[in-house]
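# Remarks on the overall topology
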Amino acid sequence: MREILPALSRWYASGESFGLATVVAVTRSAPRGPGSAMAVGPGDEVVGSVSGGCVEGAVFDLATEVVETGRAELRTFGYSDEDAFAVGLTCGGEITLLVRPVSAATDPAFGEVAASVAEHRPVVLATVTDGPARRGAALAVWPDTVSGSLGTSGLDAAVTADARGELAQGATGLRHYGPRGERREDDVTVFLHSFAPPPRMLVFGAIDFAAAVARIGAFLGYLVTVCDARPVFADPRRFPDGVEVVVDWPHRYLRSTDTDERTVMCVLTHDPKFDVPLLEVALRRPAAYIGVMGSRRTHEDRLARLRETGLGETELARLRSPIGLDLGARTPEEVAVSIAAEIVSLRWGGTGAPLADTAGAIHGPRPMPL
């Protein structure tokens, strides 16, 4: 959804209606997760994807239809046994889509939601998918305010409380309530789509590999900061647009910077005077990933130095060193792919093995993202 919001905001600001299809549930080997979205706007312009190409043609027709009728639709697509190339998921999974019309006239909260996402302010968009409440009714929930309604004050109150709890974890998914928000009933199904601020990637050491790592980090959706104490290397002109570049000692910068369980750190300096003070701080901070560049010999020397600082084996076990997966990478761009592959593997519980050597669902159950 984040990627297509600029187009949606443009259509919304023009007063035009558009059809928005959102994945609200998946089973088995579905190609896209809940929250993935596709939209059809004025002039049949299409943005986004819900299945990687399997059912987009049918979704285009359905999105066009809901704009004409003004009524939201819930539709499930699965595998077509008779013809794998008919409308259906050739991968064997199943996706359920909520397809609804959106315009400034019918959905006054949508513009506020889009602005919040663009400004990295946390917000949840709660939408009725099924039940006696109006399908497609939307409620936007921020940490301190709400906008819109799902139909009853009781339902709004229950969903608001749950949405704020889910927002703290960045969770997205279906929830069930009674018509007035009763917790033990399941007449009304509501899709809670959390837009937590993007996770951060902190790249320490503005060496030649850093620009490639920063570029692929931004591509993966991270807010990227590159930090180095050497001004000659920490030059914004060496890095992609949108990447923050900080001139400071890495350990001092990290002490003054917030991190959380989704933060990834890539330490590329491979110099003890930078690495050891930085890692002494990093390994005591919340983070999803702490990868460090260097040879195996450098790694052993680094571990010895860190033990001298008082770090224990549990903390040292968090280090991913040497950084990245074994892809045979050589160039900065290839090394960046190796690092990104390790981050993605840890984020979703992947093995890093070739898919040809594995069995079972390719897109398995998704754990809570880091």
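Throughout this description, residue numbers start from 1 for each chain and increase along the sequence as written. Side-chain atom pairs in this predicted model are given and counted only at pLDDT of 80 or more, local residue features only at pLDDT of at least 70, and totals for whole chains, interfaces and linings cover all residues. The side-chain numbers reported here are obtained from all heavy atoms of the structure, hydrogens and water having been left aside.

In the annotation of an unreviewed UniProt entry, the protein is listed under the name XdhC/CoxI family protein and assigned to Streptomyces sp. 900116325.

### Remarks on the pairing of strand 7 (residues 138–141)
Side-chain positions along a regular strand alternate between the two faces of the sheet. Note the following rule: Three labels apply to residues, based on accessible area from a 1.4 Å probe with only protein chains included: buried if under 20% of the type maximum, exposed if over 50%, partly exposed otherwise in between. Only runs of H or I of at least four residues qualify as helices and only runs of E of at least two qualify as strands under DSSP, and these elements are numbered from the N terminus. Strands qualify as paired when DSSP identifies two bridges or more between them.
Side chains Ala 138 and Ala 140 of strand 7 all project onto a buried face; the interleaved residues Leu 139 and Val 141 project onto the opposite face, where all are buried too. Two strands pair when backbone bridges link them, and strand 6 (residues 123–130) and strand 7 are joined in this way by four bridges, in the antiparallel orientation. Looking across to strand 7, one finds that Ala 126 is bridged to Leu 139. Hairpin connection from strand 7 to strand 8 (residues 146–148): four residues lie between these consecutive antiparallel strands.

### As for the packing of aromatic side chains
Selection criterion: Two aromatic rings, drawn from Phe, Tyr or Trp (for Trp, its six-membered ring), form a pair once their centres lie within 6.5 Å of each other, and the interplanar angle then sorts them: stacked below 30 degrees, edge-to-face above 60, tilted otherwise.
Counted under the stated rule, the structure contains five aromatic pairs. Ring plane angle 45 degrees and centroid distance 5.6 Å describe the contact between Tyr 12 and Phe 110, whose orientation is recorded as tilted. Separated by 98 residues along the polypeptide, Tyr 12 in helix 1 (residues 5–13) and Phe 110 in helix 3 (residues 110–118) bring together distant segments of the chain. An identical accessibility class is assigned to Tyr 12 and Phe 110; each is buried. Three or more aromatic residues joined by ring pairs make a cluster, and in this case those are Trp 11, Tyr 12, Phe 18 and Phe 110.

### Some words on the UniProt feature "domain: XdhC Rossmann" (unreviewed entry) in the protein
Inclusion rule: UniProt positions are given in the numbering used here, feature names are shortened, and annotations may be inferred rather than shown by experiment.
According to UniProt, the feature "domain: XdhC Rossmann" (unreviewed entry) maps to residues 201–343 in the numbering used here. Across residues 201–343, the secondary structure splits into 41% helix and 17% strand, with the terminal C-alpha atoms separated by 11 Å.

### Notes on the nonpolar core
Where we set the bar: Think of a nonpolar core as a cluster: buried Ala, Val, Leu, Ile, Met, Phe, Trp, Tyr and Cys residues, connected wherever their side-chain atoms sit within 4.5 Å.
Within the largest apolar cluster, 29 residues are counted, with the highest numbers of intra-cluster contacts made by Met 201, Cys 266, Leu 268 and Ile 339. Looking at this core, the elements with two or more residues in it are strand 11 (200–204), helix 5 (208–219), strand 12 (223–228), strand 14 (264–267) and helix 10 (332–348). The element that contributes the greatest number of residues to this core is helix 5, accounting for seven residues. Core analysis: the second largest hydrophobic core is formed by 24 residues, Leu 8, Ala 37, Val 113 and Ala 114 among them.

### Regarding the sheet that holds strand 3 (residues 46–48)
In plain terms, the rule: Angles run from 0 to 180 degrees between N-to-C directions of axes, and those axes are lines fitted to C-alpha atoms, restricted for helices to the stretch in contact. The contact rule is simple, with two residues in contact once any of their heavy atoms fall within 4.5 Å.
Read across the sheet, five strands follow the order 3-2-1-5-4 without closing on themselves; strand pairing throughout is antiparallel. Edge positions in the open sheet fall to strand 3 and strand 4 (73–77), since each of these has one partner strand only. On average, each strand axis in the sheet is tilted by 20 degrees relative to the strand beside it, whichever way the strands run. Inspection of the sheet shows strand 1 (residues 18–27) paired to strand 2 (residues 37–40) by four bridges, in the antiparallel sense. When the sheet's bridge partners are listed, Ala 21 is paired in strand 2 with Met 38. Each of strand 1, strand 2, strand 3 and strand 5 (94–102) touches helix 1; the most contacted strand, strand 1, lies at about 140 degrees to it. Packed onto the sheet, helix 2 (residues 56–69) meets strand 1, strand 2, strand 3, strand 4 and strand 5 and runs at close to 30 degrees relative to strand 5.

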